[in-house]
Amino acid sequence: MGSTGTGEGEGTGEGTGEGEGTRPGTAADRPGRVEAHGIDHVPDRERHGRARELFPVWAAANVNYLSMVVGATLILMGLSLGQAIAVIVLGSLFWAPIGLLAVSGPASGTPSEVIARAMYGIRGNRVNIAVNGWMLCICYIALNLAAAAVAAFVLVEKAGIDTNSGVKIAVVVVIAALTLAIGVYGHATMVRLYPSIAIALTVTFAVVAGYVCTRGDLGRQPAEPLSGGALWATLAAGVTLIASGPLSYTNSADFSRYLPRTTSPRAVAGWTALGGFLPGVLLTSLGALAATVVDMAEPQAGLESILPSWFSPVFLSAIVLGTIANNAMTAYSSGLALQAAGVRVRRSVGVLVDGAIGVAVTLYALLVSNFLDTVGNLLQLTVVLLGPGTAVYATDILLRRCRYDGPALTDERPGSPFWYTGGVNRAGALALTAGIAAAALCVDTLYTGPVARALGGVDLSLPVGIAVAASLYVLLMHRSLRGRAGVPRA
């Protein structure tokens, strides 16, 4: 007996999937059809595509309004424009490890949520994914829905419709339906749609950039420039805030697993990282520059004040489209996370369930909480979980030289290669727990940890969590990898 995951079918596949240049598509992964695979292994005969297709997928998800909001937040925190841009570039370098994680997709033919079984064991990974995967996906679904809804509300008002509670609920539901439709259809549909979306968004935000750049104050300094401990604390918080963006995509193998096994790892890592890094740096810097000329405490209203009236609906529509593209990827992975957490449900059904929960959280965020505060606090706090998780994942790839046995990873039976002890890999569990605990001691956002308090509010949760998790995982896991069944050897 034994389970091979909770995927939606093995797929019959039509292409050989061999080599970098094949692009046939398969019955299991074809544009306009609900993707058949869930967390099950994608066999070589169904692999297809090229690494460069990853660039527009990641670019479309990151040419968005939230990046500008985050950039503006850095200025509102008291940084100068030069300091903000330096923080943006430094924090965005965390796209490099996300590119590394994506390499494990073609190597295993499974999504990140399954590859993590190599780090935590079958049972241990269910707990990890439930918290580090599924719950965070729900938070990001709600965050993106809220961003899209705020812009859509203004569009509705411009059409002469009163945005009462009923209309707001209807708008959120419509946006969620569009988002979830893409997530349900899945990988091949995203690969087909996202290049066009990326181009449309790039053109729109290029126009926005033109108006911002002609008015932005490159030499603007804060009314009360930060110095000493306050400056270091703000810089650290800013890097953490920016890094939270790329670190939220520790599931990057979800979107590369259909590539042929022979696809260049450097190409997979490079196109993934560049697709996030380039638009992320440009849009976030644009948001910071905008904050030097308009009041970005209300970012949408502030930006509209310098845009021509005819362009305002286009800009608002781009905000909605960009957040839908971003959120569809999150919704897609949330369905995989729900399966990997042990819930026996089809991926497509999981996406719909998660979407419904996200809508409920979104309505709370819009009606009860302050949107800008919610963005900052949520993104900074998630680094406590995502930093150590990324460190363990990346370290495991390096230790194994990215050699993963996909079929073995989907074997959930006791005694299977990745069952470890009682279904838990103690090395991964201890490293992740220690990393999270260390990060929690250093954080300064919704609460101030004792280390941050002793340092005058300097938040070192990101580097400390990563360093502790990675070093402990190497120490505990290095020897056990030698000769372990199910682990391909060099």
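The rules behind each value
- Residues numbered from 1 in each chain as written.
- Predicted model: local features only at pLDDT ≥ 70, side-chain atom pairs only at ≥ 80, totals over all residues.
- Heavy atoms only, no water.
- Helix = DSSP H or I, 4+ residues; strand = E, 2+ residues; numbered from the N terminus.
- Buried < 20%, exposed > 50% of the residue type's maximum accessible area, 1.4 Å probe, protein only.
- Contact = heavy atoms within 4.5 Å.
- Areas by Shrake-Rupley, 256 points an atom, 1.4 Å probe, with all protein chains shown as cover.
- Salt bridge = Lys/Arg side-chain N within 4 Å of Asp/Glu carboxyl O.
- Phe/Tyr/Trp six-rings, centres within 6.5 Å; stacked < 30°, edge-to-face > 60°.
- Expected span 1.5 Å × (residues − 1).
- Arc of directions from axis to C-beta.
- Bend = angle between axes of the 7 residues up to and from the residue.
- Core = buried A, V, L, I, M, F, W, Y, C linked by side-chain atoms within 4.5 Å.
- Patch = residues over 30% accessible without salt bridge, like charges linked within 9 Å, V, L, I, M, F, W, Y side chains within 5 Å.
- Axes fitted to C-alpha atoms, helices over the stretch in contact; angles between N-to-C directions.
- Parallel < 35°, antiparallel > 145°, perpendicular 65-115°, else oblique.
- Nonpolar A, V, L, I, M, F, W, Y, C, P; charged D, E, K, R; others polar.
- pLDDT = per-residue confidence, 0-100.

Q: Whenever I open this one, the overall build of the protein confuses me. Can you help?
A: Each helix and strand in the protein was counted, giving 20 helices and zero strands. Looking at the 490 residues of the protein, the share that counts as buried comes to 59%. Within the protein, contacts between residues at least 6 apart in sequence are counted, and of these 85% link residues at least 24 apart. Split by element, the accessible area of the protein, about 18300 Å² in all, is 65% carbon and sulfur.

Q: Explain unusual backbone geometry here, please?
A: Phi is mostly negative for residues that are not glycine, and the peptide bonds are mostly trans. Positive phi, close to 55°, is recorded for C402, a residue that is not glycine. When you line up the elements, C402 lands in the loop between α16 (371-400) and α17 (406-409). Here C402 falls in the buried class, since its relative accessible area comes to 16%. If you check the backbone angles, Y420 has positive phi at about 60° while not being a glycine. You can call Y420 buried: its relative accessible area is 14%.

Q: Explain the pattern of salt bridges to me, please; I cannot follow it from the model alone.
A: Opposite charge on two side chains makes pairing possible when the charged atoms of those side chains draw close. A complete count under the given rule lists nine salt bridges for this structure. Here R257 ties to E35 by a salt bridge, and the two come within 3.0 Å at their closest N and O atoms. In this pair, R257 is assigned in the loop between α11 (228-247) and α12 (265-290) and E35 in the segment before α1 (54-62), connecting sequence segments 222 residues apart. E35 matches R257 in its accessibility class, with the two residues each being buried. One salt bridge connects E412 with R344, and the closest N-O pair in it is separated by 3.0 Å. Of the two residues, E412 is situated in the loop between α17 and α18 (426-442) and R344 in the loop between α14 (312-340) and α15 (347-367); the sequence distance between them amounts to 68 residues. On the basis of relative accessibility, which here comes to 53%, the residue R344 falls in the exposed class. The network of salt bridges with common partners includes R117, R126, R344 and E412.

Q: Sorry, what's going on with the packing of aromatic side chains here?
A: One pair of aromatic rings is described through two measures. These are the centre distance and the angle between the planes. Applying the stated criterion across every chain, the model contains nine aromatic pairs. Taken together, a centroid distance of 5.9 Å and an interplanar angle of 70° make the contact between W58 and W95 edge-to-face. With W58 in helix α1 and W95 in helix α4 (residues 95-102), this pair connects stretches of sequence that are 37 residues apart. On the basis of an interplanar angle of 35° and a centroid distance of 5.5 Å, the ring pair of F255 and Y332 is categorised as tilted. Taken together, the residues F255 in the loop between α11 and α12 and Y332 in helix α14 connect sequence positions 77 residues apart. As far as the burial class goes, F255 and Y332 line up, both buried. Taken together, W58, W95, Y249, F255 and Y332 form an aromatic cluster joined through their ring pairs.

Q: Would you take a moment to explain the environment of Q83 for this structure?
A: On the secondary structure map, Q83 appears in helix α3 (residues 81-92). In sequence terms Q83 and L231 are 148 residues apart; their C-alpha atoms lie 9.9 Å from each other. Apart from the residues lying within four places of it in its own chain, the contact partners of Q83 are L231 and L235.

Q: Before we go on, may I ask you to explain the environment of W134 in this structure?
A: For W134, the position within the fold is in helix α8 (residues 122-158). Spatially, the C-alpha atom of W134 lies 9.7 Å from that of T330, the residues being 196 residues apart in sequence. Dropping the residues within four chain positions of it, W134 is found in contact with I129, S334, A337, L338, D354 and I357.

Q: Whenever I open this one, α18 confuses me. Can you help?
A: Side chains of residues three or four places apart in an α-helix project in the same direction, reflecting 3.6 residues per turn. Spanning 17 residues, α18 covers 24 Å between terminal C-alpha atoms, matching the ideal 24 Å at 1.5 Å per step. The complete set of buried residues in α18 reads A427, G428, A431, L432, G435, A438, A439 and C442. Taken around the axis of α18, the buried residues stretch over an arc of 135°, which confines them to a single face. For α18, the exposed residues lying more than 90 degrees away from the buried face are R426, L430 and T433.

Q: Explain the environment of I324 here, please?
A: As for its position among the elements, I324 is in helix α14. The spatial distance from the C-alpha of I324 to the C-alpha of G183 is 10.0 Å, given a sequence separation of 141 residues. Residue contacts for I324: discarding those within four places in its chain leaves I175, L178, T179, I182 and Y194.

Q: Explain α8 to me, please; I cannot follow it from the model alone.
A: Spanning 37 residues, α8 covers 52 Å between terminal C-alpha atoms, matching the ideal 54 Å at 1.5 Å per step. At I129, α8 shows its largest kink, close to 40°. Where α8 ends, the next residue or the one after it, G160, has phi of about 85°, a positive value.

Q: Where do I start with the nonpolar core in this structure?
A: Within soluble globular proteins, side chains that are nonpolar tend to cluster in buried spots. M119, I175 and Y194 are the most contacted members of the largest nonpolar core, which totals 127 residues. The leading source of residues in this core is α8, at 14 residues. Dropping the residues within four chain positions of it, M119 is found in contact with V392, Y393, D396, Y404, N425, G428, A429 and Y473.

Q: Can you walk me through a nonpolar patch on the surface in this structure?
A: Taken together, the side chains of I85, V89, L90 and L93 present a nonpolar region at the surface, about 310 Å² in accessible area. Structurally, L90 can be placed in helix α3.

Q: Would you mind going over the packing of α1 against α14 with me for this structure?
A: Packed helices, taken two at a time, are described by the angle their axes make and the gap between the axes. For the pair α1 and α14, interaxial distance at closest approach is 7 Å and the crossing angle is 120°. Overall, the two elements α1 and α14 adopt an arrangement that is oblique. Facing V57, W58, A60 and A61 of α1, the residues of α14 in contact are G322, A325, N326 and M329. When its residues are assigned to classes, the contact of α1 with α14 shows six nonpolar, two polar and no charged.

Q: In this structure, what is going on with the confidence of the model for the protein? I would like to understand it.
A: Where the model shows low pLDDT, its predicted coordinates should not be examined in detail. The predicted model of the protein averages 86 in pLDDT, with 89% of residues at 70 or higher. The least confident element of the protein, judged by mean pLDDT, is α16 at 80; the most confident is α4 at 97. In the predicted structure, residues 1-24 sits below a pLDDT of 50 and forms 90 contacts with residues beyond four places in sequence or in another chain.

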